[in-house]
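Spelled out, the chains give:
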Amino acid sequence: MVIVPVGSLVLQVERERSERRFKERLLAEITEQVLRVIARCIEAMLEFEVTELIGREWYERRRDQKRGWIEAYCGKCGSHDRRRFSRNGHYARRLSTHWGRVEIKVPQIECLCGGMVRMPFQTLRRGQRIWDDLEGEIREEYGWGKSLRWLKACVDAKLGGSVGLCTLNRRMHELAKLVPDWQEEELKHVPPVVRVDGLWVTLMFDTEEKKTDKIGRQRVVKKAKKVPLLVAQGVWPETGHQEVVAWVIGEAENEESWEALLTQMFERGICPERGLRLLVADGAAGLSPARRTVYWDVPFQRCIFHKLRNIWRAIVLPEGLEGKAAKAYKRRFIRSAARIWQAATEKEARRLQRKFCKKWSERQPKAIDTLQRDFDDTLTFYAVQEAAALRGESWPAHCLRTTSHLEREFRAWRRRLRGAVLFHSSRGLTAVVHQ
């Protein structure tokens, strides 16, 4: 047994404490220097904007300058003539940044009439208290599904003060205001193929009931409800590029919600006249009538992935088969069925389908019925491929026959939405999706 003197342990603990205090002091000094540099840089940019706007450096006489109309104006007389304006000191403002709070001096401009000139600074927005770097960080974290209270705790620790929940919430809702413009903007390049599918999220809705909280305030009672987030993903098969081109928050996967999504797509210019060639989706009940209303003249491809998943669920296991053996049995059956859509031509695919149905119709009637249901819609991609080949274009089958790539996109969305658990308003959900 090794005996360590008590004095050595005490010295070691004191040494570690000293090193920790030194690192803390060093970090505090570095942070202080960074904050000082940030403040000086912002002030320099503000001074540069003033010089560019009024057209004079410090101590240059205004009488040597020509009259000129500028965007800034006097709050008293309303003049836009820069010759009437001159610098008039500074006022202090605190600004919250990623590194902490900084004190900056904002330049002031005075008019000949004695009124203060209102400056449209680009470096610093009017009333801005949170700098762009910290605001971008807050929005990014919120986009990953972090709650407002979690964000508040992080920002408070960083600034050494308190930021209100309403301040953070207001910035998130500003993101939601950008969505209508994006949804109404016409696409310059229309995707030839569009995949559509839905992702379910939990959203709180106001009820007509009210309750009194602990301090006597009247609060509206909210109720949680699962709603679908319907998404359209555009695909350019020749390049493999894909991006979200439309999305809506629906009430359910009914005809009205699907029609809202398809109408948004149509209003953004996604139509056959501008190059739309194929619509890919699963067998959602409400989608079929909505599609016949908006895109009745666009070929429809039934997602093969969803078809195979439905067949998997319809398989009836033989007696005594369970566990790994049952999964292996289902896996072999599905792999055999998937070869139908791996055929080189539509004619060959139909031949393989007849052969498969004949082989399994007696042993797996339910699975065969599922396979035969809307089977023709699962073969649409063959005709679309042939039409593309006649135009001299090569469209891979994996871009045309399933919504699997959109499902992969949903996996990333679920990771972001899982942290929030639920959303208290549609504006909050809109901000996360748009982010």
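Residues numbered from 1 in each chain as written. Predicted model: local features only at pLDDT ≥ 70, side-chain atom pairs only at ≥ 80, totals over all residues. Heavy atoms only, no water.

Caption draft 1: Expanded view of helix H9 (residues 346-360). The end-to-end C-alpha separation of H9 is 21 Å, in line with the 21 Å expected for 15 residues at 1.5 Å each. For H9, the set of buried residues is Ala 349, Gln 353, Phe 356, Cys 357 and Trp 360. What you see down the axis of H9 is that its buried residues fit within an arc of 95°, all on one side. Pointing more than 90 degrees away from the buried face of H9 are the exposed residues Lys 347, Arg 354, Lys 355, Lys 358 and Lys 359. Contacts made by the buried residues of H9 are with helix H8 (324-338), helix H10 (365-372) and helix H11 (380-390). (Helix = DSSP H or I, 4+ residues; strand = E, 2+ residues; numbered from the N terminus. Expected span 1.5 Å × (residues − 1). Buried < 20%, exposed > 50% of the residue type's maximum accessible area, 1.4 Å probe, protein only. Arc of directions from axis to C-beta. Contact = heavy atoms within 4.5 Å.)

Caption draft 2: Representation of a negative patch on the surface. On the surface, Asp 181, Glu 184, Glu 185 and Glu 267 cluster together into a negatively charged patch. Note that Glu 185 resides in the loop between helix H4 (165-184) and strand S5 (193-212). Judged by its relative accessible area of 46%, Glu 185 is partly exposed. (Patch = residues over 30% accessible without salt bridge, like charges linked within 9 Å, V, L, I, M, F, W, Y side chains within 5 Å. Areas by Shrake-Rupley, 256 points an atom, 1.4 Å probe, with all protein chains shown as cover. Salt bridge = Lys/Arg side-chain N within 4 Å of Asp/Glu carboxyl O. Lys, Arg positive; Asp, Glu negative; His and termini not counted. Charge placed at Lys NZ, Arg CZ, Asp CG, Glu CD.)

Caption draft 3: Local environment of the pairing of strand S6 (residues 218-236). In this structure, S5 lies alongside S6, joined through 17 bridges in antiparallel fashion. Counted as the bridge partner of Lys 210 is Val 220 from S6. Counting the residues in the hairpin turn of S5 and S6 gives five residues, including Gly 216, whose phi is positive at 90°. As paired elements, S6 and strand S7 (residues 241-249) share eight bridges and run antiparallel to each other. Looking across to S7, one finds that Val 235 is bridged to Gln 242. Between S6 and S7, which pair antiparallel in sequence order, lie four residues; one of them, Gly 240, sits at a positive phi of approximately 85°. (Pairing = 2+ DSSP bridges.)

Caption draft 4: Layout of the environment of Tyr 59. By the element assignment, Tyr 59 lies in the loop between helix H1 (6-54) and strand S1 (73-74). For the pair Tyr 59 and Arg 87, spaced 28 residues apart in sequence, the C-alpha separation works out to 9.2 Å.

Caption draft 5: How the structure looks around the state of the cysteines. All told, the structure shown has zero disulfides when counted by the stated rule. Free of any disulfide, Cys 74 has its nearest neighbouring cysteine sulfur in Cys 113, separated by 3.4 Å. Taking relative accessible area as the criterion, Cys 74 reaches 1% and is therefore assigned buried. You can call Cys 113 partly exposed: its relative accessible area is 26%. (Disulfide = S-S within 2.5 Å.)

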